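Letter by letter, the chains look like this.
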Amino acid sequence: MLLAVGVIALGLVLRQPDHIQFAVGRPRSAGSAELLALQRSRANDWTPTMLLLGQWTQIVGWWLLAGQGALPAVAAALGVAVQFRHLQEISHFAVHGVLARSAGANQWLAEVFVHHPIALGPVRIRRVRHVREHHPNAAVPGADPNLAELERAGLRPGLGTLRFALAVVHPLTPRGMGATAATLRGNLRHHGASRPLAALGVLAAAYLVGGWPAAVCGVLVPRLLLYPQLAWLSLFVEHTWFDPEFRTGSPARTEAGRCLRLYPSNRFLARVASTTWLPYGDLYHYAHSAHPGMRWNYLTAYERDLEQPHFMPSALVLGPASVARRHLRALAAGRGDTTPPNGCRAARASGPTA
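Residues numbered from 1 in each chain as written. Predicted model: local features only at pLDDT ≥ 70, side-chain atom pairs only at ≥ 80, totals over all residues. Heavy atoms only, no water.

A.B. asks: Help me understand the overall build of the protein in this model?
C.D. replies: Looking only at helices and strands, the protein features 15 helices and 0 strands. At 20 Å, the protein has a C-alpha radius of gyration in line with the 20 Å of a compact globule built from 354 residues. Principal axes of the C-alpha set define a box for the protein whose edges measure 55 × 50 × 40 Å. Carbon and sulfur atoms provide 63% of the accessible area of the protein, an area that totals close to 15000 Å². Side-chain charges in the protein split into 34 positive and 18 negative, and the spacing between the mean points of these groups amounts to 4 Å. (Helix = DSSP H or I, 4+ residues; strand = E, 2+ residues; numbered from the N terminus. Rg over C-alpha atoms; globule rule 2.2 N^0.38 Å. Areas by Shrake-Rupley, 256 points an atom, 1.4 Å probe, with all protein chains shown as cover. Lys, Arg positive; Asp, Glu negative; His and termini not counted. Charge placed at Lys NZ, Arg CZ, Asp CG, Glu CD.)

A.B. asks: Honestly, the packing of aromatic side chains in this entry has me stumped. Any pointers?
C.D. replies: Two aromatic rings are characterised by how far apart their centres lie and by the angle between their planes. Tallied over the full model, the rule gives 8 aromatic pairs. Between phenylalanine 84 and tyrosine 227, the aromatic rings sit 6.1 Å apart at their centres with planes inclined by 85°, giving edge-to-face as the arrangement. Of this pair, phenylalanine 84 sits in helix H4 (residues 70–95) while tyrosine 227 sits in helix H10 (residues 194–236), and the two are 143 residues apart along the sequence. The exposure classification of phenylalanine 84 matches that of tyrosine 227, with both residues buried. Taken together, Trp56, Phe84 and Tyr227 form an aromatic cluster joined through their ring pairs. Geometry around phenylalanine 311 places arginine 326 over its ring, the cationic atom sitting 4.5 Å from the centre. (Phe/Tyr/Trp six-rings, centres within 6.5 Å; stacked < 30°, edge-to-face > 60°. Buried < 20%, exposed > 50% of the residue type's maximum accessible area, 1.4 Å probe, protein only. Lys NZ or Arg CZ within 6 Å of the ring centre and 35° of its normal.)

A.B. asks: Where do I start with the side chain of arginine 195 in this structure?
C.D. replies: Positionally, arginine 195 belongs in helix H10. A polar atom in the side chain of arginine 195 sits 3.2 Å from the side chain of glutamate 111. Here the side chain of arginine 195 touches leucine 120 through a polar contact of 2.9 Å, landing on its backbone oxygen. Among residues more than four places away in sequence, those in contact with arginine 195 are Glu111, His115, His116, Leu120, Gly121, Pro122, Asn187 and Leu188. (Polar contact = N/O pair within 3.5 Å; in protein donor to acceptor, adjacent residues only side chain to side chain. Contact = heavy atoms within 4.5 Å.)

A.B. asks: Please explain the pattern of salt bridges as it appears in this structure.
C.D. replies: Opposite charge on two side chains permits them to pair, given that their charged atoms come into close proximity. Scanning all chains against the criterion turns up 9 salt bridges. Residue glutamate 89 pairs with arginine 85 through a salt bridge whose shortest N-O separation is 3.2 Å. With glutamate 89 and arginine 85 both in helix H4, this residue pair falls 4 residues apart, about one helical turn. On the basis of relative accessibility, which here comes to 0%, the residue glutamate 89 falls in the buried class. Look at arginine 85 and you get buried, because its relative accessible area is 0%. (Salt bridge = Lys/Arg side-chain N within 4 Å of Asp/Glu carboxyl O.)

A.B. asks: Got a minute to help me understand the packing of helix H3 (residues 46–66) against helix H5 (residues 103–115) in this structure?
C.D. replies: Packed helices, taken two at a time, are described by their axes: the angle between them and the distance between them. Interaxial distance between H3 and H5 falls to 11 Å at its minimum, and their mutual angle equals 5°. With respect to each other, H3 and H5 are oriented roughly parallel. Contacts between H3 and H5 involve Pro48, Thr49, Leu52, Leu53 and Trp56 on the former and, on the latter, Leu109, Phe113 and Val114. The residue inventory of the contact of H3 with H5, partitioned by class, reads 7 nonpolar, 1 polar and no charged. (Axes fitted to C-alpha atoms, helices over the stretch in contact; angles between N-to-C directions. Parallel < 35°, antiparallel > 145°, perpendicular 65-115°, else oblique. Nonpolar A, V, L, I, M, F, W, Y, C, P; charged D, E, K, R; others polar.)

A.B. asks: I'm lost on unusual backbone geometry in this one. Help?
C.D. replies: Trans is the common state for peptide bonds, and a negative phi is the common state for residues other than glycine. Phi at tyrosine 263 takes a positive value of approximately 55°, unusual for a residue other than glycine. Residue tyrosine 263 is classed as buried on the basis of its relative accessible area, which comes to 10%. Here tyrosine 280, not a glycine, exhibits a phi torsion of approximately 50°, which is positive. Taking the relative accessible area as the measure of exposure, tyrosine 280 reaches 10% and is therefore buried.

A.B. asks: Looking at this structure, I do not really get the packing of H3 against H10. What am I missing?
C.D. replies: Running from amino to carboxyl end, H3 crosses H10 at an angle of 65°, the nearest separation of the two axes being 8 Å. Crossing of H3 over H10 shows left-handed handedness. Together, Trp56, Val60, Trp63, Leu64 and Ala66 of H3 and Val202, Ala205, Ala206, Val209, Gly210, Pro213, Ala214, Gly218 and Val219 of H10 make up the contact between the two elements. Partitioning the contact of H3 with H10 into residue classes produces 12 nonpolar, 2 polar and no charged. (Left-handed = near helix turned anticlockwise from the far one by under 90°.)

A.B. asks: Could you clarify how one ought to interpret the side chain of threonine 180 in this entry?
C.D. replies: Secondary-structure assignment places threonine 180 in helix H9 (residues 174–189). Taking relative accessible area as the criterion, threonine 180 reaches 13% and is therefore assigned buried. Excluding its chain neighbours within four sequence positions, the residues that come into contact with threonine 180 are Arg223, Leu224 and Pro228.

A.B. asks: I tried to follow the environment of tryptophan 62 on my own but got confused; where do I start?
C.D. replies: With respect to the element layout, tryptophan 62 can be found in helix H3. Discounting chain neighbours no more than four positions away, the residues touching tryptophan 62 are Ile8, Ala75, Ala76, Gly79, Val80 and Gln83.

A.B. asks: Even after reading the chapter, I still don't get H5, so can you show me in this structure?
C.D. replies: Taken together, the buried positions of H5 are Ala105, Asn106, Leu109, Ala110, Glu111, Phe113, Val114 and His115. On its buried face, H5 is in contact with H3, H4, helix H6 (123–134) and H10.

A.B. asks: Explanation requested: the nonpolar core in the structure shown.
C.D. replies: As a rule of thumb, soluble globular proteins bury nonpolar side chains together. Core analysis: the largest hydrophobic core is formed by 89 residues, its most contacted members being Leu155 and Trp277. In contact with leucine 155, other than residues within four places in its own chain, are Leu150, Phe164, Ala167, Trp232, Phe236, Phe242 and Leu331. (Core = buried A, V, L, I, M, F, W, Y, C linked by side-chain atoms within 4.5 Å.)

A.B. asks: Which parts of the structure should I look at to understand a nonpolar patch on the surface?
C.D. replies: Together, Tyr207, Leu208, Trp212, Val216, Leu220 and Leu224 make up a nonpolar patch on the protein surface, roughly 620 Å² of accessible area in all. Tracing the backbone through its elements, the reader meets valine 216 in helix H10. (Patch = residues over 30% accessible without salt bridge, like charges linked within 9 Å, V, L, I, M, F, W, Y side chains within 5 Å.)

What follows is the structure in structure tokens.
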């Protein structure tokens, strides 16, 4: 038990150089030009590598913990799922080209440390779907692949309460588990031999570290069930998907009309979210949408310089002002199929979330 805790702590230490590298001299509030200049001056390839090594070191610690009994195994499953979410968001910034200094390093780090070992699709495909298709068309029916993903899960106009509740936990339902399995099968079969070998290597490493409890609770359960659910919830709270305010003007003004900002005044829940299911700037998705080329380290300062988005909910599920209640109201009222003023529609495409 002490060894497992020590390894998890070591992983946390290994992550700190990247945080320190980009935190020094960071203003509390600033515009994009000042923050991007600071970001460029701090860009490098070695602290992101340390960051990713730290995440995987923490995963090894959770694998060690998994073999210590039933409760530690449950904790390990949750802990690894959170780490997979962290890896997904780190690679998200690599997809935007701002994790490391060079384009080659961004591509290599995302593939080697994230996309190969946890069986995501190729980075190049994710870049097209996320950067080129999602960001310019967020919440636009027929154009946004993320909105199409929500629709495939059953989030459509006229939805009732029960079907909406099932859609919120879609990855944990039989239909959602089938979708996860199909996506994994496609990722492993159609993108070369290195991806399935890397995924099998992770499973074997978990078994060598912690036996079957680590392989099952430290890889399979997190990857097939818990991590997809965490990623799904993060997608759920990125935008006012079904009743956005389509605006014209600057990128910040446009995104303020179709983004939301969860937990704006609850520091405790914001902290819990930012360290678990909304890590590495995902809680600040509005600021990220306003300037996708900004690293997560500067999104809080940038957000303070922006106007507030049109929806700032204090809760995810409970209460009349929660994200879930707003989505449900919009869908029950038959909204969710509204074409923006410019009438833009494009072919749909499926792909991973941010």
